[in-house]
Amino acid sequence: MITYKDIIKPENLVYRRTPLLTQKTLSFCPGCGHGTVHRLIMEVVEEMNIQQDTIGIAPVGCSVLAYEFMDIDMQQAAHGRATALATALSRLMPNKYVFTYQGDGDLAAIGTAETIHACNRGENFIIIFINNGIYGMTGGQMAPTTIPDMITTTSPYGRDTKIMGNPLKITELVAQLPGTCYVTRQSVHTPNNVRKTKKAIRNAFEYIKQKKGTCFIEVVSNCPSGWRMTPLQANKWMEENMFKHYPLGDLKVPSNENVKQ
Amino acid sequence: MSEVKLMKGNEAFAEALIRAGTDAYFGYPITPQSEVVEYLMSQKPYETTGMVVLQCESEVAAINMCYGGAGAGFKVATSSSSPGISLKQEGISYLAGAELPALILNVARGGPGLGTIQPAQSDYFQATKGGGHGDYRLFVLAPSSVQEMADFVPLAFDVAFKYRNPAMILSDGIIGQMMEKVTLFEPIPRRSLEQIEKECPWATTGKKPNRERNIITSLDLDPISQEKHVMKLKEKYEKMQAELRYEEINTDDAEYLIVAYGSSARICHKVVSIARKQGLKVGLLRPITLFPFPYKRINELANKVKHILVTELSLGQMVEDVKLAVEGKVPVYFYGRTGGAIYTPVEILEYLKTKL
Amino acid sequence: MATKVKGAIVIDTERCKGCEVCIPACPQKILALSKQVNSKGYFYVIVQNHEECTGCTNCAIVCPDGAIEVYRAKVEV
């Protein structure tokens, strides 16, 4: 009788951890979506065989350690300025694939101006935006994307929109700018969503190859530590609350959708 | 072919960027230096040398674009004036921390705050003592002519790349706005990506199979290795003393010494000549590099002059370094105008005479 | 002799942080936290009934730490 042990052979391998992730154990909290997105980016870079031509930018926040895990040339940017670095890199090396990997505080608070103007200029790079509605690295403070009544260390009684404003829908904002060619919102908490996110990342790299303009991928993600929940509770809470404010799906795709699948 | 032209300091700087093989310039409008980005946009070097020229959404974006380009080994530059340079300080600290070469021009104006658009030298501390956070210094050149606004560009780039450290040209509204004859140096071609990768093996141009990935960062959470990194910067700044430059006028027989830089040095040329005509043996030492600073030479001159007068268009900032250099051997006096007001040579001479 | 697709997974128990995100992702519901912990103190995930695995890769692609390898083969039953 053939048992599962007989199947574990190289020729039967259908999925393994991409070698473009370094051997270092990912430092993210258990169940955090950052790890998944790191993996998906490196899988796409591996599949497109563009490790030699891809440069990533990690700003400040939980994403700051990305260059410990992604085996590509990377730069660490000041908080909020990743899209400025990417602007220079993509203009100076138009044939390279440049992406930023930013959290909501980085991209939608301190980096708002850089985000909007890079998109408005249609800079040819990819913005990967992890929206978990909180500042994770610094211990769970409120972010512009924190949803109403959400408790954080700086909205301990829940975000009061009368005093602290409403969740900033930056993705909807940049979708209005002619410079963006592809704007989509995904998540990585279920296998189906992971497949869609990977597809979105692959699309973005293809659009960059064709110099179609700025690609903006928001990944609504969890923050088990910041939200004070277990990963599974966080994913459930995310579905029931975050997705109401940040509905998943494509907001904008290039008009002549002729990207080879 | 080198050319002789009548140009504004700001334009000479911009033309020098093109001729120095600069890869990218990131600017933002602010008086009194908007001509730099205007000139570059009018020359369209992106059609000739391929140089990137971009007007950014802010000075903060501009300095961070420099960081991105510098991290890939490119020759990058930005310019602004005092308030804009304050906005760039975090980015400049990052450039120094990540050991990245970049050229920053400050066409200084009166401060603090919005201040004025008139020229001043009140950014000396910011430029030479590390205006941003952390232990770092900039290589700082102080032009006092339109010619130097052009010639200091390739020099600043050479030193920046030699030491992998940002370099600043600290000019002011006088030097930036005035027009003078300038001999423009022969153009240097931009480096190819292969050249960049050879000269800057640390650059993030895409991980080649034959090397580890390159990471440009100034982050190190481990205090011991971060301290080691900062000590490495310290060594760099000690080595940078070799780049010291200054000029001396009539100091051989000087009984009184003036120390002044940039536009103040120009004004003091006249002070020296008027004084000499009146039989007063006055000499001038003009620091050309503000970091490294000519401490040793000033200390030597202090042995043979009765006193030293420092003149700055500020409340007095470089004067502190001169006092450090002199070590109390002779009195160090200060005469300054600030807020955009400018002294005349006669005014300075009158003050000097009250100290005889 | 019908052929059937059989799967198998290998979990890097040192990389696993016991986040449990893969557990509901498995259509066969054969994943669970073990009673043992790895060197970091995490209860890592184990396969309860290996023979039920179809090698669909759901668990692997949803794992934030890339700790799961998946194998699949057609076998004679």
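Residues numbered from 1 in each chain as written. Chains lettered and ligands numbered in written order. Predicted model: local features only at pLDDT ≥ 70, side-chain atom pairs only at ≥ 80, totals over all residues. Heavy atoms only, no water.

**As for the overall build of chain A**
Filter applied, for reference: Where helices and strands are cited, they refer to DSSP runs of H or I of at least four residues and of E of at least two residues respectively, numbered from the N terminus. C-alpha atoms define the radius of gyration in this analysis, and the globule rule sets the expected value at 2.2 Å times the number of residues to the power 0.38. For each residue, the accessible area found with a 1.4 Å probe, counting protein chains only, is set against the maximum for its type, and the residue is called buried under 20%, exposed over 50%, and partly exposed in between. Note on areas: Shrake-Rupley with a 1.4 Å probe; residue coverage comes only from the protein chains shown.
Within chain A, the secondary structure is distributed over 11 helices and 10 strands. For 261 residues, the compact-globule estimate of 2.2 N^0.38 gives 18 Å, and the C-alpha radius of gyration of chain A, at 18 Å, lies within 12% of that figure. Dimensions along the principal axes, computed over C-alpha positions, put chain A at roughly 65 × 50 × 30 Å. Per-residue burial over chain A gives 61% buried out of 261 residues. Accessible area for chain A stands at about 9400 Å²; split by element, carbon and sulfur atoms hold 56% of it.

**Things to note about the pairing of strand S2 (residues 24–27) of chain B**
Residue and element names in this part refer to chain B. Selection criterion: DSSP bridges decide pairing: two strands pair if at least two such bridges lie between them.
The alternating pattern of S2 places Ala-24 and Phe-26 on one face and Tyr-25 and Gly-27 on the opposite face, and all of these are buried. Of the pairings in the sheet, the one linking S2 to strand S3 (residues 52–55) comprises four bridges and is parallel in character. Each residue of the ladder has a partner; that of Tyr-25, found in S3, is Val-53. Pairing of S2 with strand S4 (residues 76–80), which is carried by three bridges, proceeds in the parallel orientation. Bridge pairing links Ala-24 to Val-76 in S4.

**Considerations on the sheet that holds strand S12 (residues 282–287) of chain B**
Residue and element names in this part refer to chain B. Filter applied, for reference: Inter-axis angles, ranging from 0 to 180 degrees, are taken between N-to-C directions of lines fitted to C-alpha atoms, where helices are fitted over the stretch in contact. Any two residues having at least one pair of non-hydrogen atoms within 4.5 Å are treated as being in contact.
One open sheet accounts for five strands, arranged S10-S12-S11-S14-S15; its pairing is mixed. The sheet is open, and its two edges are formed by strand S10 (246–249) and strand S15 (332–336), each paired on a single side. Mean inter-strand twist for the sheet, computed between neighbouring axes without regard to direction, equals 20 degrees. Pairing analysis gives four bridges linking strand S11 (residues 256–259) to strand S14 (residues 307–312), with the strands arranged parallel. Counterpart to Val-259 in the pairing with S14 is Val-310. Across the sheet, helix H14 (residues 318–326) is in contact with S11, S12, S14 and S15; its angle to S14 comes to roughly 160 degrees.

**Some remarks on the state of the cysteines**
Put simply, the test is: Two cysteine sulfurs form what is called a disulfide whenever their separation falls within 2.5 Å.
For the structure on display, the rule yields zero disulfides over all chains. For the unlinked cysteine Cys63(C), the closest cysteine sulfur is that of Cys19(C), found at 6.3 Å.

**Side note on the arrangement of the chains**
Counting contacts across all two pairs of chains found in contact, the highest total belongs to chains A and B. Nothing in chain B touches chain C, and the closest approach of their C-alpha atoms is 21 Å.

**Here we look at unusual backbone geometry**
A negative phi angle is the norm for most residues apart from glycine, just as the trans form is the norm for most peptide bonds. Pro32(B) follows Thr31(B) through a cis peptide bond whose omega is 5 degrees. Cis geometry is adopted by the peptide bond preceding Pro292(B), which originates at Phe291(B) and carries an omega value of 0 degrees. Secondary-structure assignment places Pro292(B) in the loop between strand S13 (289–291) and helix H13 (295–301). Although it is not a glycine, Arg164(B) adopts a positive phi angle of roughly 50 degrees. Note that Arg164(B) resides in the loop between helix H8 (146–163) and strand S7 (166–172). Its relative accessible area of 23% is what places Arg164(B) among the partly exposed residues. A positive phi angle is found at Glu20(C), which is not glycine, with a value near 70 degrees. Turning to its location among the elements, Glu20(C) is positioned in the loop between strand S1 (3–11) and helix H1 (22–25). The class of Glu20(C) is partly exposed, set by a relative accessible area of 26%.

**A few points about H14(B)**
For the α-helix, the turn length of 3.6 residues means that residues three or four positions removed from each other point alike. Residue and element names in this part refer to chain B. How we decide: Read the arc as the range of directions from the helix axis to the C-beta atoms.
Those residues of H14 that fall on the buried side of the exposure criterion are Met-318, Val-319, Asp-321, Val-322, Ala-325 and Val-326. One face of H14 carries all of its buried residues, which in axial projection span an arc of 155 degrees. In the segment just after H14, Glu-327 is the residue with positive phi, at about 55 degrees.

**Section: the domain arrangement of chain B**
One widely used convention gives an interface's size as the accessible area the parts lose upon coming together. Residues and elements named next belong to chain B. Counted only if it meets this: Where a domain begins and ends is set by an automatic assignment or by a domain database. The term buried area denotes the loss of accessible surface (1.4 Å probe radius) that occurs when two parts are joined, taken as the sum for both partners.
According to the domain assignment, chain B consists of domain 1 (3–193) and domain 2 (247–353). Here the C-alpha centroids of domain 1 and domain 2 sit 27 Å apart. Facing 29 residues of domain 1, the contacting portion of domain 2 comprises 26 residues. For the pair domain 1 and domain 2, the summed buried area comes to about 2200 Å², and 55% of that belongs to carbon and sulfur atoms.

**Considerations on the interface of chain C and chain A**
In plain terms, the rule: Gly is placed with the polar residues, together with every amino acid not listed as nonpolar (Ala, Val, Leu, Ile, Met, Phe, Trp, Tyr, Cys and Pro) or charged (Asp, Glu, Lys and Arg).
Listed per partner, the contact involves 33 residues of chain C and 34 residues of chain A. Roughly 2800 Å² is buried in total at the junction of chain C and chain A, and carbon and sulfur atoms are behind 64% of that figure. Looking at the side of chain C facing chain A, the largest losses of area belong to Arg15(C), Ile61(C) and Tyr71(C), adding up to 23% of the total buried there. Among the secondary structure elements, those contributing two or more residues to the side of chain C that touches chain A are S1, H1, helix H2 (58–62) and strand S4 (68–76) of chain C. A per-element tally of the side of chain C that touches chain A places S4(C) first, with seven residues. Of the residues belonging to the side of chain C that touches chain A, the class tally is 18 nonpolar, six polar and nine charged. Pairing analysis gives two bridges linking strand S1 (residues 13–15) of chain A to S4(C), with the strands arranged antiparallel. Counted as the bridge partner of Leu13(A) is Tyr71(C) from S4(C).

**Concerning the interface of chain B and chain A**
Cut-off, in case you're wondering: Basic side-chain nitrogens of Lys or Arg form a salt bridge, by our definition, when they fall within 4 Å of a carboxyl oxygen of Asp or Glu. In protein, a polar contact requires one atom able to donate a hydrogen and another able to accept it; more generally it is a pair of N or O atoms within 3.5 Å, and residues adjacent in sequence count only if both atoms are side-chain atoms.
The partner chain A presents 35 residues to the 36 residues of chain B that form the contact. Taken as a group, Glu57(B), Lys207(B) and Arg213(B) account for 23% of the area that chain B buries against chain A, more than any other trio of residues on that side. Where chain B touches chain A, the interface holds three salt bridges. A salt bridge links Arg121(A) to Glu57(B); its shortest N-O distance comes to 2.8 Å. Inspection of the region where chain B meets chain A yields 16 residue pairs in polar contact (both at pLDDT 80 or more). Listing elements by their share of the side of chain B that touches chain A, those giving two or more residues are S2, S3, helix H4 (59–71), helix H6 (89–97) and strand S9 (215–216) of chain B.

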